[in-house]
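Okay, here's what each chain looks like letter by letter:
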Amino acid sequence: ENQDYNLSILVLDTNQKLLSRLEQKGFFPFSGLEFEGIRLENVAFSTLNNTTVFGLSSRESKFGDPSFSNHELNLFQINSSGKIQQILYHFPSYTYSTLSRSQCHDATTDLVDRKLILSDQLSHGLQNIIIKETKTTHGSDYKTCKNSENKYKRQHIMKFNGERYIFNERNFLQSDGI
């Protein structure tokens, strides 16, 4: 259905007592792709004592020709008073696209994957995050159907500015939007 999706997060203690609540309308905006859902990440996004940071990833896709799949990551911190604060907004962690070409048997594919690694360096009390991105393209020359593969890699540092992690998507490897 063509609609934005809302987000509700409840933080409970071990006795199921509500400690904090975060609600945001339209948190997952409609993009024209099929929204497949969200997942609570089981990875620690902070190794600091008395610091709780958790990730929530979303996935959307379009099947057919061409096909697309996009994953985004959002990070949230629970402060000492139990309040939930979003600290990373809609980080593009994974993009996959494919296009079949009728004259060639192999499809043209484009994959951009970004891995996040916690650094020992801190900015405003939270760890810097190293972004290691890889872009892999597989394709066929449309005249000869000869296959090729290209791989590109980049690395960036994402720092916390006291309110949120800052990244500039224009500096990232981009999908060719097959």
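The rules behind each value
- Residues numbered from 1 in each chain as written.
- Predicted model: local features only at pLDDT ≥ 70, side-chain atom pairs only at ≥ 80, totals over all residues.
- Heavy atoms only, no water.
- Core = buried A, V, L, I, M, F, W, Y, C linked by side-chain atoms within 4.5 Å.
- Buried < 20%, exposed > 50% of the residue type's maximum accessible area, 1.4 Å probe, protein only.
- Contact = heavy atoms within 4.5 Å.
- Pairing = 2+ DSSP bridges.
- Helix = DSSP H or I, 4+ residues; strand = E, 2+ residues; numbered from the N terminus.
- Salt bridge = Lys/Arg side-chain N within 4 Å of Asp/Glu carboxyl O.

Novice: Help me get a handle on the nonpolar core, residues and values and all.
Specialist: If you look at soluble globular proteins, the nonpolar side chains tend to sit buried side by side. Counting residues in hydrophobic clusters, the biggest one holds 14 residues, and the most contacted among them are L75, I87, L88, F91, M158 and Y165. Ignoring anything within four residues of it in the chain, the contact list for L88 reads L73, N74, L75, M158, Y165 and F167. Formed by 11 residues, the second largest nonpolar core is a distinct cluster that contains L7, F28, F54 and I78.

Novice: Give me the lowdown on the pairing of strand β7 (residues 108-123), citing residues and values where you can.
Specialist: Examined bridge by bridge, strand β6 (residues 84-99) and β7 share six bridges and lie antiparallel to one another. The residue bridging L99 from the neighbouring strand is T108, located in β7. The sheet contact formed by β7 and strand β8 (residues 126-140) spans 12 bridges and is antiparallel. Within β8, the residue paired with D113 across the bridge is T134. Joining the antiparallel neighbours β7 and β8 is a turn of two residues, in which H124 adopts a positive phi near 50°.

Novice: Can you explain the pattern of salt bridges? Please cite residues and give values.
Specialist: Applying the stated criterion to the full structure yields five salt bridges. Where R59 meets E36, a salt bridge forms, and the shortest distance between an N and an O atom there is 2.8 Å. With R59 in strand β4 (residues 52-62) and E36 in strand β3 (residues 34-40), this residue pair connects regions lying 23 residues apart in the sequence. Overall, E36 belongs to the partly exposed group, its relative accessible area being 34%. Here K115 and D113 are joined by a salt bridge, their closest N and O atoms 3.0 Å apart.

Novice: For unusual backbone geometry, give the residues involved together with the corresponding values.
Specialist: Negative phi values dominate among residues other than glycine, just as trans dominates among peptide bonds. Even without being glycine, Q16 reaches a positive phi, approximately 70°. For Q16, the position within the fold is in the loop between β1 (5-12) and β2 (18-28). For Q16, a relative accessible area of 59% gives the class exposed. Here H124, not a glycine, exhibits a phi torsion of approximately 50°, which is positive. With respect to the secondary-structure elements, H124 resides in the loop between β7 and β8.

Remember, this is a structural readout, not a statement about activity or role.
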